[in-house]
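Take a look at the letters that make up each chain.
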Amino acid sequence: EDTLRVKILVLGDSGVGKSSLVHLLTNHSELTNPAWTVGCSLQVGLHEYRSELTGQAERLFFLEFWDIGGYPMHKNSRGVFYHGVHGILLVHDLTNRKTELNLSRWLHESCLGADTPPVLVIGAKSDLCKADALAKRPNGGEAAPRIGCPEILLSCVDTRSLSAGTTNAVKLDRFYDQAISRPNRQQSKLLHGE
């Protein structure tokens, strides 16, 4: 049985923790010495799709995480990475409000002339925030409610941020399943035996 591929863009300003997040998602460990991403970095993880109706595991998918460099001067060349996308992770730095405000711009840049795929907002670097500062965030944050998608807050240096059964892990699994079952996809046809 073939394992199918799902393309997930990881977008956000430079330095917000995208590479550390992707490493956490694919290796289940901390990235001890992150480097700046120039252009695009690709890492692959696995996800077991579960049926919404039965909750049973149905199929194994390769998740391709396309970590797109956030330097503003490369904006004109990023468009080559935005085709054939099944989901978008919008990442911001919880210690820098401007990076959260810029997420709408990232979404607009990546979805010009296309239907918006499933989106999940991720607030990174929670380990650098005081608990009371996180609790005071308006509506849990600004970007996710404005975009109309869920948000998770995590520390990319703490693997427990995505431990099985946690709220973060459940939201992430739902996002993956939505990306996999996105309408009008060849993989969706294969998944449902059409």
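Now for a quick tour of the structure. Small disclaimer: the values here were computed from a predicted structure and weren't measured. Throughout this description, residue numbers start from 1 for each chain and increase along the sequence as written. Where local features are concerned, this predicted model is filtered to residues with pLDDT of at least 70; where side-chain atom pairs are given and counted, the filter is 80 or more; whole-chain, interface and lining totals use all residues. Side-chain metrics rest on all non-hydrogen atoms present in the structure, leaving aside hydrogens and water.

## Details of the layout of surface pockets
If you roll a probe as big as a water molecule over the atoms, it shows you where there is empty space left. Test applied: Think of a 1 Å grid over just the protein atoms. A cavity is a set of points where a 1.4 Å probe fits yet cannot get out, a pocket is an open set with protein on both sides within 12 Å along at least five of seven lines, and lining residues have an atom within 4 Å of a point. Grid points are joined across faces, edges and corners, and a volume is the space filled by probe spheres set on the points. Each helix is a run of DSSP H or I of at least 4 residues and each strand a run of E of at least 2, with the numbering of both proceeding from the N terminus. Asp, Glu, Lys and Arg are counted as charged, while Ala, Val, Leu, Ile, Met, Phe, Trp, Tyr, Cys and Pro are counted as nonpolar; the rest, among them Gly, fall into the polar class.
Volume-wise, the largest pocket comes out at about 510 Å³. In terms of lining residues, the largest pocket is bounded by 23 residues, among which H47, A169, L172, D173 and Y176 are the most central. Where the lining of the largest pocket is concerned, the elements lending two or more residues are α1 (18–27), β2 (40–50), β3 (57–68) and α6 (167–180). Partitioned by chemical class, the residues of the lining of the largest pocket number 10 nonpolar, eight polar and five charged. Estimates place the volume of the second largest pocket at around 390 Å³. In this structure, the second largest pocket is lined by 23 residues; those nearest its centre are G15, V16, G17, S20 and P34. Its residues assigned to classes, the lining of the second largest pocket comprises 10 nonpolar, eight polar and five charged.

## Description of the environment of D177
To be explicit about the condition: Partly exposed describes any residue whose relative accessible area lies between the buried limit of under 20% and the exposed limit of over 50%, with all areas from a 1.4 Å probe on protein chains only and scaled to the type maximum. Contact between two residues is taken to exist if any of their heavy atoms lie within 4.5 Å; hydrogens are not considered. We call two N or O atoms a polar contact when they sit within 3.5 Å, provided that within protein one can donate a hydrogen and the other can accept it, with sequence-adjacent residues counted only if both atoms are side-chain atoms.
For D177, the position within the fold is in helix α6. Residue class for D177 comes out buried when judged on its relative accessible area of 14%. Along the primary structure D177 and R50 are separated by 127 residues, whereas in three dimensions their C-alpha atoms are 7.1 Å apart. Once you skip the residues sitting within four places of it in the chain, D177 turns out to touch H47, E48, Y49 and R50. Only 2.7 Å separates the side chain of D177 from the side chain of H47, close enough to count as a polar contact.

## Here's the deal with the nonpolar core
Nonpolar side chains tend to gather and get buried jointly when the protein is soluble and globular. Selection criterion: Put simply, buried Ala, Val, Leu, Ile, Met, Phe, Trp, Tyr and Cys residues joined by side-chain atoms within 4.5 Å make one nonpolar core.
Formed by 27 residues in total, the largest nonpolar core has its most connected members in I8, L21, L25, F65, L89, I122 and Y176. For this core, the secondary structure elements donating two or more residues are β1 (4–11), α1, β3, β4 (87–93), β5 (119–124) and α6. Broken down by element, this core gets its largest block of residues, five residues, from α6. If near-sequence neighbours (up to four positions away) are discounted, I122 is found in contact with L21, L89, L90, V91, H92, I152 and L154. With 18 residues, the next largest nonpolar core counts Y82, L103, A143 and C149 among its residues.

## Some details on the side chain of D67
For clarity, the threshold we go by: His is not counted here, nor are the chain ends, while Lys and Arg score as positive and Asp and Glu score as negative. Each reported salt bridge corresponds to a side-chain nitrogen of Lys or Arg within 4 Å of a carboxyl oxygen of Asp or Glu.
Summarising the element assignment, D67 is placed in strand β3. No salt bridge forms around the buried D67; measuring N to O, its nearest opposite-charge neighbour K18 is 4.9 Å away. A polar atom in the side chain of D67 sits 3.4 Å from the side chain of T37. Not counting residues within four places of it along the chain, the set of residues in contact with D67 comprises V10, K18, S19, V22, T37, G39, C40 and S41.

## Comments concerning the sheet that holds β2
We apply this condition: Any two strands are treated as partners once DSSP identifies two or more bridges connecting them. An axis is simply a line fitted to the C-alpha atoms; with a helix, the fit covers only the stretch in contact. Between two such axes, the angle follows the N-to-C directions and lies from 0 to 180 degrees.
In spatial order, the strands read β2-β3-β1-β4-β5-β6; together these six strands make up an open sheet with mixed pairing. With partners counted over all chains shown, the strands left at the sheet margins are β2 and β6 (151–153), one partner each. Each strand axis lies, on average, 25° off the axis of its neighbour in the sheet, ignoring direction. Direction of pairing for β4 relative to β5: parallel, over a ladder of six bridges.

## A word on the pairing of β3
With seven bridges connecting them, β1 and β3 associate as parallel partners. Across the sheet, V6 pairs through a bridge with L63, a residue of β3. Sheet topology places β2 next to β3; 11 bridges connect them, and they run antiparallel. Among the inter-strand pairings, Y49 is bridged to a residue of β3, identified as R59.

From the geometry alone we can't say anything about function, so treat these as descriptive.
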